[in-house]
Each structure stands twice: as structure tokens, then as C-alpha cells.
Amino acid sequence: PICRTSTPDNTIPQKSNPFDVQSKLVNVGSKYVGNAVKGMYGKLESEGFKAGDEFAMSVREGLAIGSTIVLGDRDVEVTLRRLTRALAKTDIRKLL
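Each chain has its residues counted from 1, following the order in which its sequence is written. In keeping with the model being predicted, local features are shown solely for residues with a pLDDT of at least 70 and side-chain atom pairs are shown and tallied solely at 80 or more, while totals for entire chains, interfaces and linings include all residues. Only hydrogens and water are set aside; all other atoms, that is, all heavy atoms of the structure, feed into the side-chain values.

Colleague: For this particular structure, what's the right way to read the overall build of the chain?
Modeller: Check the secondary structure of the chain and you find four helices and zero strands. Across the 96 residues in the chain, those meeting the buried criterion constitute 11%. Note that accessible areas follow from Shrake-Rupley with a 1.4 Å probe, and for residues the cover is restricted to the protein chains shown. Surface accessibility of the chain: about 8600 Å² in total, with carbon and sulfur atoms responsible for 61%. The numbering of helices and of strands both runs from the N terminus, where a helix is a DSSP run of H or I of at least 4 residues and a strand a run of E of at least 2. To sort residues, take the accessible area from a 1.4 Å probe on protein chains only and compare it with the maximum for the residue type: under 20% means buried, over 50% means exposed, and anything in between is partly exposed.

Colleague: Help me understand the pattern of salt bridges, please; the structure alone is not making it clear to me.
Modeller: A side chain with one charge can pair with a side chain of the opposite charge if their charged atoms come near. We define a salt bridge as a side-chain nitrogen of Lys or Arg found within 4 Å of a carboxyl oxygen belonging to Asp or Glu. If you walk through the whole model with that rule in mind, you get one salt bridge. K43 is the salt-bridge partner of E47, the closest N and O atoms lying 3.3 Å from each other.

Colleague: Would you explain helix α3 (residues 76-88) in this entry?
Modeller: Residues spaced three or four apart along an α-helix face the same direction, because each turn holds 3.6 residues. One less than the number of residues in a helix, times 1.5 Å, gives the span that helix is expected to have. If you check α3, its first and last C-alpha atoms are 18 Å apart, about what 13 residues at 1.5 Å a residue would give, namely 18 Å. For α3, the complete set of buried residues consists of V78, L80, R81 and T84. Looking straight down α3, one finds its buried side chains confined to an arc of 165°; they lie on one side. Pairs of N or O atoms within 3.5 Å make up the polar contacts considered here, provided that, within protein, one atom can donate a hydrogen while the other can accept it, and that residues adjacent in sequence are counted only when both atoms are side-chain atoms. Among the residues of α3, the N-terminal cap falls to D75, whose side-chain oxygen and the backbone nitrogen of E77 are separated by 2.7 Å. The directions considered for the arc run from the helix axis to the C-beta atoms.

Colleague: Explanation requested: the packing of aromatic side chains in the structure shown.
Modeller: For any pair of aromatic rings, the description rests on two quantities: the centre-to-centre distance and the angle between the ring planes. Stacked, edge-to-face and tilted are the three classes for Phe, Tyr and Trp ring pairs, Trp counted by its six-membered ring, which pair at centre distances within 6.5 Å; planes under 30 degrees apart are stacked, over 60 edge-to-face, the rest tilted. A complete count under the given rule lists one aromatic pair for this structure. The interplanar angle of 35° and the centroid separation of 6.3 Å between the aromatic rings of Y41 and F49 together place this pair among those described as tilted. We classify Y41 as partly exposed; its relative accessible area is 27%.

Colleague: How do you make sense of the side chain of T84 when you look at a structure like this?
Modeller: With respect to the secondary-structure elements, T84 resides in helix α3. A distance of 3.4 Å separates a polar atom in the side chain of T84 from the backbone nitrogen of S30. Contacts between residues were defined by any pair of non-hydrogen atoms, one from each residue, lying within 4.5 Å. In this structure, T84 is in contact with V26, G29, S30 and V33, ignoring residues within four places of it in sequence.

Colleague: I tried to follow the confidence of the model for the chain on my own but got confused; where do I start?
Modeller: As a note on interpretation, predicted positions should not be read in detail where pLDDT is low. Taken residue by residue, the chain gives an average pLDDT of 78. The fraction at 70 or more is 76%. When mean pLDDT is compared element by element in the chain, helix α2 (residues 53-64) scores highest at 93, while helix α4 (residues 92-95) scores lowest at 74. The quantity known as pLDDT measures the predictor's confidence residue by residue, on a range of 0 to 100.

Colleague: What's the story with α2 in this structure? I'm lost.
Modeller: Here α2 contains 12 residues, and its C-alpha end-to-end distance of 16 Å stays within 8% of the 16 Å for a straight helix at 1.5 Å per residue. Positioned one or two residues after α2, G66 has a phi angle of 80°, which is positive.

Colleague: How do you make sense of the environment of I69 when you look at a structure like this?
Modeller: Along the polypeptide, I69 turns up in the loop between α2 and α3. On the basis of relative accessibility, which here comes to 32%, the residue I69 falls in the partly exposed class. Between the C-alpha atom of I69 and that of S58, which follows or precedes it by 11 residues, the distance is 9.2 Å. In this structure, I69 is in contact with V59, G62 and L63, ignoring residues within four places of it in sequence.

Right under this line is the structure:
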């Protein structure tokens, strides 16, 4: 069975509120985060890493041990907004 959940990040986009500064900042921030992720993948690919190989390997390994494989995807914009919000709450210095 497929279970769908509804969260504010994956609902149908509503008309934007011109005074919602926080959403505008998150959207701008998510564009920067998206560009950083693209740059990271570009660097990894130049070193021989192929984007998506980690998923292919996970499927192969899961099948090898008889696991049920469940594929799921989310709009990249939703992922970037969530990542941006999480980064805003994170003390980056602790990660370094």
C-alpha cells in the first residue's frame, strides 16, 4: 500500500503573500543551496563519481539480500526548501 502524507511543503502552491518575507528568504536561500549542491555534484563528477550511482548500488544490494525495494521521489524544490530551513537552524561551525 502507498501512504501519502500532506505537509505544507508538498501541497499545491497557493497565491503568494507579498508580505511573507520568511517564505521569500527561504526561496532565495534554496536557490543558493541548489546551486551549491549542483556545484558539489559537478566537482564529484569531475573526480569520477556518477550522480545516481548511490541509488543504483542501494537497489542492487537490497535485491541481493531479498529486500523489498520502494522507490520514492519528491520535487527538488521541496527538498531544497527543507534543506534551506534545516541549514538556517544549524550551527555550521559545529559541523566543521
